Amino acid sequence: MVSFSAPKDGLAVSAAELNEDTIVRSRGERPAAGWRNLLHSATRGLINPGLGEAEAARNVLLRRIRRHLPGAHQIAVSSLKGGVGKTTVSAVLGLTLAEYRGDRTVALDANPDAGTLADRLTSETGVTVRHMLDNIHSIDSLSAVSHYTSTAGRLQVLASEQDPAMSEAFNRAEYEQVCAVLARFYNIIITDSGTGLVHSAMEGTLALADSLVIVGAPTVDGASRASKTLDWLVAHDYSEQVADSVVVLCCDRGSPEIDRDRVRAHFATRCRAVVEVPHDPHLATGGRLNLSSMRKDTRLAFLELAALVADEFSA
């Protein structure tokens, strides 16, 4: 009979110690693209050249995105100025997190002016947050919530009210009611907020946000408005949120006369990180968004953004 002594050197003993990372001998990560994948496949795995630098970096981002999330996490995407890509960032961030994580992600359009988040993701705006509010007290399951959402891939989408007269009534108390329900059934809640910072729903968005994403552009107006957004937040006691925020610069509009390095450096001194989303014809159409239709560099930029947001999940 073989006997085993108790572990020494202070090694922990628990079921958590027995996982793939700790007990499976490393065989080297299998390359999934390029000549490395071809060589690995042609030799039936006998020759594994390992991952290239780009693929290894991408896998690091994916591991960060898949970080454990102990509870519901709310992400607010905001901008003082319209037309800089706020809704696009909200939508693609949602698609990216939903695609690469195993838990539930929902994107909520909290724009009081007939927002377009659902248009960009599912084109289904017949049922909105207003309908959900009308029946909020009877929602007791994920199935009940799904009556008011549409689906883009693995992402659930809750549309804003399309009637301006009705959407104006979407206030902080109602926003908080909706988020309280969503937090019971979803792990990640992404809010595409309105362009103003003083409307009632925006107060609720900022109060509940665990992560803040500010959207701007590498143009005079796009950069200055994003910086003024940070100024406003600091002036209204959101200094900690600003320091932890991520600024996204959407490069659909640009000019060689703009010093993009200087713009990026400005925001890097004010927030936790800056991500540049390159020009992409698919994003520029203003139509339905699909990850597979985006350029590789665009998808990589959103992987970086998603990883930066996920870095806060266990904080």
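Quantities reported herein were computed from a predicted structural model and do not represent experimental measurements. Position labels on residues start from 1 in each chain and follow its written sequence. For a predicted model such as this one, the threshold for reporting local features is a pLDDT of at least 70, and the threshold for listing and counting side-chain atom pairs is 80 or more; totals across whole chains, interfaces and linings nevertheless cover every residue. Only hydrogens and water are set aside; all other atoms, that is, all heavy atoms of the structure, feed into the side-chain values.

Looking at this structure, how should I read the overall build of the chain?
Each helix is a run of H or I in the DSSP string that is no shorter than four residues. Each strand is a run of E no shorter than two, and both are numbered from the N terminus. The helix and strand tally for the chain stands at 15 helices and eight strands. We call two residues contacting when some pair of their heavy atoms lies within 4.5 Å. The long-range fraction of contacts in the chain, counting pairs at least 24 apart against all pairs at least 6 apart in sequence, stands at 77%. The method behind every accessible area is Shrake-Rupley, applied with a 1.4 Å probe, and residues are considered shielded solely by the protein chains displayed. Per element, the accessible surface of the chain, about 16100 Å² overall, is 51% carbon and sulfur.

I would appreciate a short explanation of the pairing of strand E6 (residues 211-216) in the present structure.
The side chains of a regular strand alternate between the sheet's two faces. Here's how the labels work: a residue is buried when its accessible area is under 20% of the maximum for its type, exposed when over 50%, partly exposed in between, all with a 1.4 Å probe on protein chains only. Counting buried residues in E6 gives six out of six residues, a clear majority hidden from the surface. Alternating residues of E6 divide into Ser211, Val213 and Val215 and Leu212, Ile214 and Gly216, and every residue in both groups is buried. Sheet topology note: the strand E1 (residues 73-78)/E6 ladder contains four bridges and is parallel. Residue pairing for E6: Ile75 is matched across the bridge by Ser211. Pairing between strands requires that DSSP locate at least two bridges from one strand to the other. Where E6 and strand E7 (residues 246-250) come together, four bridges link them in parallel fashion. Among the inter-strand pairings, Val215 is bridged to a residue of E7, identified as Val248.

Got a minute to help me understand the pairing of strand E8 (residues 273-277) in this structure?
Most of E8 sits inside the fold, with four of its five residues counted as buried. The pairing of E7 with E8 spans five bridges and is parallel. Looking across to E8, one finds that Val246 is bridged to Ala273.

Can you walk me through the packing of helix H3 (residues 53-65) against helix H15 (residues 296-310) in this structure?
Packing of H3 against H15 leaves a shortest axis separation of 8 Å and a crossing angle of 40 degrees. As summarised for this structure, H3 and H15 are arranged oblique, according to the angle between their axes. Helix-helix and strand crossings are classified by hand; for H3 and H15 the assignment is left-handed. Contact residues: H3 offers Arg58, Leu61, Leu62, Arg64 and Ile65, while H15 offers Leu300, Leu303, Glu304, Ala306, Ala307, Leu308 and Ala310. Under the convention adopted here, Pro, Cys and the residues Ala, Val, Leu, Ile, Met, Phe, Trp and Tyr are nonpolar, Asp, Glu, Lys and Arg are charged, and Gly plus all remaining residues are polar. The residue inventory of the contact of H3 with H15, partitioned by class, reads nine nonpolar, no polar and three charged. Simply put, an axis is a line fit to the C-alpha atoms, just over the touching stretch for a helix, and the angle between two N-to-C directions goes from 0 to 180 degrees. Should an angle fall under 35 degrees it is taken as roughly parallel, and over 145 as roughly antiparallel, whereas 65 to 115 is taken as roughly perpendicular and any remaining angle as oblique. Take the far helix as your reference; a near helix turned counterclockwise from it by less than a right angle gives a left-handed crossing, and one turned clockwise gives a right-handed crossing.

Would you explain the sheet that holds strand E3 (residues 150-152) in this entry?
For sheets, the rule is that strands pair by backbone hydrogen bonds, running either parallel or antiparallel. Read across the open sheet, the eight strands follow the order E3-E4-E2-E5-E1-E6-E7-E8; overall the sheet is mixed. With partners counted over all chains shown, the strands left at the sheet margins are E3 and E8, one partner each. Neighbour-to-neighbour, the strand axes of this sheet turn through a mean angle of 25 degrees, independent of strand direction. Across the sheet, helix H9 (residues 172-185) is in contact with E1, strand E2 (105-109), strand E4 (155-158) and strand E5 (188-192); its angle to E2 comes to roughly 170 degrees.

Where do I start with unusual backbone geometry in this structure?
Most of the time, phi is negative for any residue but glycine, and the peptide bond is trans. Even without glycine at this site, Ser123 takes up a positive phi of about 65 degrees. Of note, Ser123 is situated in the loop between helix H5 (117-121) and helix H6 (129-134). Take Ser123: its relative accessible area is 43%, and that puts it in the partly exposed class. Here Asp237, not a glycine, exhibits a phi torsion of approximately 70 degrees, which is positive. Here Asp237 lies in the loop between helix H11 (220-235) and helix H12 (239-244). Note on Asp237: relative accessible area 72%, which makes it exposed.

What exactly am I supposed to notice about the packing of H11 against helix H13 (residues 260-268) here?
A pair of packed helices is characterised by two quantities: the angle between their axes and the separation of those axes. With their axes 11 Å apart at the nearest point, H11 and H13 run at an angle of 5 degrees to one another. Here H11 is positioned roughly parallel relative to H13, judged by the angle of their axes. From H11, Ala223, Ala226, Ser227 and Leu230 reach across to H13, where they touch Val263, His266 and Phe267. Taken together, the residues that form the contact of H11 with H13 break down as five nonpolar, two polar and no charged.

Explain a positive patch on the surface to me, please; I cannot follow it from the model alone.
What makes a patch is a set of residues exposed beyond 30% relative accessible area and free of salt bridges, joined within 9 Å when like-charged and within 5 Å when nonpolar (Val, Leu, Ile, Met, Phe, Trp, Tyr). A pairing counts as a salt bridge when a side-chain nitrogen of Lys or Arg comes within 4 Å of a carboxyl oxygen of Asp or Glu. By the counting rule applied here, Lys and Arg register as positive and Asp and Glu as negative, while His and the ends of each chain are not counted. We put the charge of a Lys on NZ, of an Arg on CZ, of an Asp on CG and of a Glu on CD. On the surface, Arg58, Arg66, Lys296 and Arg299 cluster together into a positively charged patch. Counting through the fold element by element, Arg58 comes out in helix H3.

What is the right way to look at the nonpolar core in this model?
Side chains of nonpolar character tend, in soluble globular proteins, to be buried together. By convention a nonpolar core is built from buried Ala, Val, Leu, Ile, Met, Phe, Trp, Tyr and Cys residues, the set being connected through side-chain atoms within 4.5 Å. Among the nonpolar cores identified, the biggest contains 47 residues, and Ile75, Val89, Leu97, Leu121, Val213 and Leu305 are the most heavily contacted of them. When residues no more than four places from it in sequence are discounted, the contact partners of Val213 are Ile75, Ala76, Val77, Ser78, Val89, Val246, Val248, Leu305 and Val309.

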